[in-house]
Amino acid sequence: QPLVFSGVQPTGNLHLGNYLGAIRKFVALQDNNDCIYCVVDLHAITAQLVHDDLRNQIRSIAAAFIASGIDPVKHIVFNQSAVPQHAELAWIFNCVARIGWMNRMTQFKDKAGKDRENASLGLLAYPSLMAADILVYRATHVPVGDDQKQHLELARDIAQKFNIDFQQKIRETGTGVDMVVGEEPIHGYFPLVEPLIEGPAPRVMSLKDGTKKMSKSDPSDLSRINLMDDADTILKKIRKAKTDPDSLPSEVEGLKGRPEAENLVGIYAALADRTKDDVLQEFGGQQFSAFKPALADLAVHVLSPITEEMRRLMGDTTHIDAILRDGGERARARAEKVMAEVFDIIGFLR
Ligand code: TYM
């Protein structure tokens, strides 16, 4: 039985990368799957401990989920700290994972910078908590942007090591399922998660530099479109986006070596639910002076209802708070069951 899980950090404003790489996929997946979507507040304190208005940041991510079309009744929307089992399983995974695995994470290297000795221990252990987020529900599919791929590979490594190290205990407790790892049939407890990264915009790039990821931490606001930007701001940012002097090619191959063109075409395709090829069939041969206004119109058309609904939801937060409370309770009930089995497998008394 597939189960979808994903999370978004409540740090800074959501941008088009978060929307196209993650949230839009969350919405698409809910028709045919059981889904759990989480505001990962415990992760938010790994890079920066003290936040100005964390509570409202958490609410605004939940508001973005709801405004984008996620159904919090059929599915689960909650914040991570409401379910203590995330941190509990993360501790166990800290004992499964090896320090070397964590040291190899490119996101840790980027975020810790040169002064690695001075990074928080939480920042190093970040991927272990992320694995726990997913596996405390034994979730199987995780929609994310391309930048999270390495973390999900680590979640597979953790699940696999747990399954192998506790093979005997998993059999004795009758909690596992037969699965195949590589060619090897094993009896495992935790599934090996499948990342869902595909799509026309798995990695949305900065509007100012097609070789850099669109990011909350870029000092230039012109580098990204924020979910809360108004129509004029979106128009201006797309008008000022970096491009090259050539016209658009009529096939995807023609985008090679043209990172800015590739990025804008990918954004258009993702917003329109079309392929890049399809978009180029329409716009191939045209100049950016013609393509940019079409892109800006489309972006405003898709984003402005979401922005408006987010504003409305954040106007009176009782509704969002109720959704999070209800989601937290339902998530906790599921996580408790998994943790009880994990305790039995490890041999803790309960
Ligand atoms: P976060 O909060 O940085 O980003 C949320 C989601 O947005 C995607 N994303 C992008 N996609 C395409 N282009 C971009 N420029 C771009 N920037 C961000 C991210 O890939 C992500 O899917 N570690 C995660 C949060 C997390 C999580 C989890 C995710 C914690 N536990 C469990 C999945 C499952 C993070 O920092 O995402």
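Under an unreviewed UniProt entry, the protein has the name Tryptophan--tRNA ligase and belongs to Pseudorhizobium pelagicum. The annotation that UniProt attaches to the protein under Function (unreviewed entry) is "Catalyzes the attachment of tryptophan to tRNA(Trp)."

Trainee: So what's going on with the overall build of the protein? Which residues, and what values?
Mentor: In terms of regular secondary structure, the protein is built from 14 helices and seven strands. The C-alpha radius of gyration computed for the protein amounts to 21 Å, which stays within 12% of the reference 20 Å derived for 350 residues, consistent with globular compactness. Residues classed as buried in the protein amount to 41% of the 350 residues present. Looking at the protein alone, contacts between residues at least 24 apart form 76% of all its contacts between residues at least 6 apart.

Trainee: Tell me about the site of the ligand, and name the residues and values.
Mentor: Lining the immediate surroundings of the ligand are 24 residues, of which G7, Q9, G17, G21 and G145 lie closest. The residue makeup of the shell around the ligand, split by class, is 10 nonpolar, 10 polar and four charged.

Trainee: Account for the domain arrangement of the protein, naming residues and giving values.
Mentor: Its domain assignment divides the protein into domain 1 (3-200 + 316-346) and domain 2 (221-314). At the junction of the two partners, domain 1 supplies 19 residues and domain 2 supplies 16 residues. For the side of domain 1 that touches domain 2, the leading source of residues is helix α3 (residues 54-68), giving seven residues. Class assignment for the residues of the side of domain 1 that touches domain 2 results in 10 nonpolar, seven polar and two charged.

Trainee: Describe helix α13 (residues 288-315), listing the residues and the values that go with them.
Mentor: Because each turn of an α-helix spans 3.6 residues, side chains separated by three or four positions in sequence point in the same direction. Between its first and last C-alpha atoms α13 spans 38 Å; for 28 residues at 1.5 Å apiece the expected length is 40 Å, and the two agree. Along α13, the sharpest kink reaches roughly 35°, centred on L303 and followed within four residues by the proline P305. Three or more residues of α13 are buried, namely F288, F291, L295, A299, V300, L303, I306 and M310. Among the structural elements, α3, α10 (231-239), α11 (259-272) and α12 (276-283) are those in contact with the buried residues of α13.

Trainee: Can you lay out the pairing of strand β6 (residues 184-188) for me, pointing to particular residues and giving the numbers?
Mentor: By the bridge criterion, five bridges tie strand β5 (residues 177-181) to β6 in an arrangement that is antiparallel. Across the sheet, residue V177 finds its bridge partner in β6, namely G188. In textbook terms, the turn of a hairpin is the stretch between consecutive antiparallel strands, and for β5 and β6 this stretch comprises two residues, one of which, G182, has a positive phi near 65°.

Trainee: Any details on the UniProt feature "binding site: L-tryptophan" (unreviewed entry) in the protein? Residues and values, ideally.
Mentor: With numbering aligned to this structure, UniProt lists the feature "binding site: L-tryptophan" (unreviewed entry) at D133. Secondary-structure assignment places D133 in helix α7 (residues 121-135). Its 27 C-beta neighbours within 10 Å are what place D133 among the buried residues. With near-sequence residues (within four places) excluded, D133 lies in contact with F5, G7, C38, V40, Q80 and H86.

Trainee: Could you give an account of the nonpolar core, with specific residues and numbers?
Mentor: Residues I36, A62, A155 and I267 are the most contacted members of the largest nonpolar core, which totals 98 residues. Three or more residues apiece are contributed to this core by two domains, here domain 1 (3-200 + 316-346) and domain 2 (221-314).

Trainee: Can you lay out the environment of L303 for me, pointing to particular residues and giving the numbers?
Mentor: Along the chain, L303 falls in helix α13. For the pair L303 and D229, spaced 74 residues apart in the sequence, the C-alpha separation amounts to 8.8 Å. Leave out the neighbours within four places in its chain, and L303 touches L227 and I234.

Criteria and thresholds
Counting starts from 1 at the beginning of each chain's written sequence and moves along it residue by residue. Residue-level local features of this predicted model are given only where pLDDT is at least 70; pairs of side-chain atoms are given and counted only at 80 or more, and the full residue set underlies all totals for whole chains, interfaces and linings. UniProt positions are given in the numbering used here, feature names are shortened, and annotations may be inferred rather than shown by experiment. Secondary structure elements follow DSSP: runs of H or I no shorter than four residues count as helices, runs of E no shorter than two count as strands, and numbering proceeds from the N terminus. Throughout, the radius of gyration refers to the C-alpha atoms, and the reference size of a globule is 2.2 Å times the residue count to the power 0.38. With C-beta atoms placed from the backbone, a residue is buried if 20 or more other C-beta atoms are within 10 Å of its own, exposed if 12 or fewer are, and partly exposed between those counts. Each residue gets a C-beta atom placed from its backbone, and two residues are in contact if those atoms lie within 7 Å. Each residue receives a C-beta atom placed from its backbone. It is near a molecule or strand if this atom lies within 6 Å of it. By the convention adopted, Pro, Cys, Tyr, Trp, Phe, Met, Ile, Leu, Val and Ala count as nonpolar, Lys, Arg, Asp and Glu as charged, and the other residues, Gly among them, as polar. Delimitation of the domains relies on an automatic or database domain assignment. Expected span of a helix: the number of residues minus one, times 1.5 Å. Bending is quantified residue by residue as the angle between axes fitted to the seven-residue window ending at that residue and the seven-residue window starting at it. One bridge is not enough; two strands pair if DSSP finds at least two bridges between them. We define the nonpolar core as any set of buried residues of the types Ala, Val, Leu, Ile, Met, Phe, Trp, Tyr and Cys, connected via C-beta atoms lying within 7 Å of each other.

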